[in-house]
Amino acid sequence: MPRRARSAPASKRQSWRRRASPAAAPPKPPEPSAPAPAERAREEQDRRSIVQAVLYRDGRRVSSPSSLAETFRLLRDDPAGMAWIGLHRPTDAELRALAEEFDLHELAVEDAMEAHQRPKLERYGETLFVVLRAARYLDALEEVDFGELHVFVGRDFVITVRHGAAPDLSAVRRRMEADPELLALGPEAVLYAILDAVVDGYAPVVTGVQNDIDEIETEVFGGDPAVSRRIYELSREMVEFQRATRPLVGMLHGLMAGFAKYGTDEELQRYLRDVADHVTHISERVDGFRQALADILTVNATLVTQQQNAEMRALAEAGFEQNEEIKKISAWAAILFAPTLVGTIYGMNFETMPELHWSFGYPFAIALMAVVCASLYVIFKRRDWL
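Starting afresh in each chain, residues are numbered from 1 along the sequence in its written order. Note on the predicted model: pLDDT of at least 70 is required for a residue's local features to be given, and 80 or more for side-chain atom pairs to be given and counted; whole-chain, interface and lining totals, by contrast, use all residues. Heavy atoms throughout the structure, all of them, feed into the side-chain values; hydrogens and water do not.

1. A short note on the packing of aromatic side chains
- Between the rings of Phe, Tyr and Trp (Trp by its six-membered ring), a pair exists once the centres lie within 6.5 Å; its type follows the angle of the planes, with under 30 degrees stacked, over 60 edge-to-face, and the other angles tilted. All told, the structure shown has 8 aromatic pairs when counted by the stated rule.
- With centroids separated by 6.3 Å and ring planes inclined at 45 degrees, the aromatic side chains of Tyr56 and Trp84 adopt a geometry described as tilted. With a gap of 28 residues between them, Tyr56 in strand 1 (residues 50–57) and Trp84 in strand 3 (residues 82–88) connect regions that are remote in the sequence.
- Burial here depends on accessible area, computed with a 1.4 Å probe over protein chains only, as a share of the maximum for the residue type. Under 20% is buried, over 50% is exposed, and the range in between is partly exposed. The class of Tyr56 is buried, set by a relative accessible area of 2%.
- Here the aromatic cluster, defined as three or more aromatic residues joined through ring pairs, consists of Phe72, Phe102 and Phe157. Helix and strand assignments come from DSSP, with helices taken as H or I runs of at least 4 residues and strands as E runs of at least 2, each series counted from the N terminus.

2. Overview of the UniProt feature "transmembrane region" (unreviewed entry) in the protein chain
- UniProt positions are given in the numbering used here, feature names are shortened, and annotations may be inferred rather than shown by experiment. The positions UniProt marks with the feature "transmembrane region" (unreviewed entry) are residues 329–348 and 360–380.
- In the segment residues 329–348, helix accounts for 90% and strand for 0%; the C-alpha atoms at its two ends are 28 Å apart.
- The span residues 360–380 is 95% helical and 0% strand by assignment, and the distance between its end C-alpha atoms comes to 30 Å.

3. Section: the pairing of strand 3
- Summarising burial for strand 3: 6 of the 7 residues are buried, a large majority.
- Inspection of the sheet shows strand 3 paired to strand 7 (residues 157–163) by 6 bridges, in the parallel sense. Bridged to Ile85 within strand 7 is Ile159. Being paired, for any two strands, means DSSP has found at least two bridges between them.

Dropping the structure here:
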């Protein structure tokens, strides 16, 4: 966005006209009275939702209001100032008050209320609305935590609405206050600093994910059965990470395309191009992570299949060996059953039996047992049962 003159024409919105000083001397203000209970409740809610509200002039802090109402009053009294308001999960009433004061578009306000938006950049008149998805890597849990940030950039204000723990905008504010020359460039410089902080916050995430992928590769070839779940969970995080980073490439190129049209400061142009280069690098890394995880998942599936096949083959071999043993046992049982049968028949105690008093009966029984056992042995041997 361009850095426009601070004086607003008469056709500007009513909230800007309210900030302009009247030509005639203002009447003596009445004595201040104690605020009503409802107003005190609103200001108390403002304090809970406002992370920090600061007014700047020429790149230097002028005041730090404690509520939105006080911020509005001070900004109206200082046409050359710039307000930087940071909110964390604000109420609908607070966003409505901001929309009325700064003439924010209702669609942008609705997006900021509902959150869960994709990264995007929209221009509503003289206000730029930016949605960013910040990310941070949680070492203890080995997972990626995503936050959402909505930024309204106007002629003399920057409003940040944060949903989630990331990013840490207090560090961005300290950085900008330490460089008054950069902060003096106005809301566009603040937007650059926020974009730079969000993109820089992706670097630890990339490092953490790379370490996770290295560990997963070790677990895959180590045969860890729980690695499939870890691959799936990390793949889902990479999908979210890709949704957070890929749109930024087009957003920053859109900002760069408007440098000439909106008269963006040359130094700020260099900074934004540097951020665009970092975003492109991060996006390429994330794409590589998704492809690597897909390849690892394929390799893991192949290894699992091979392991299952080896186990099935081992079970089949064990079953075959068991069947061989059963056949041997069955063959010997049949061989031993033949003499038992003969001996049982001749062992019956009947008075009248054939060959009972035959002198060759005993040799005949023994020979019969031997012949039957030998025949069974030969048969089972030919069938490889023995």
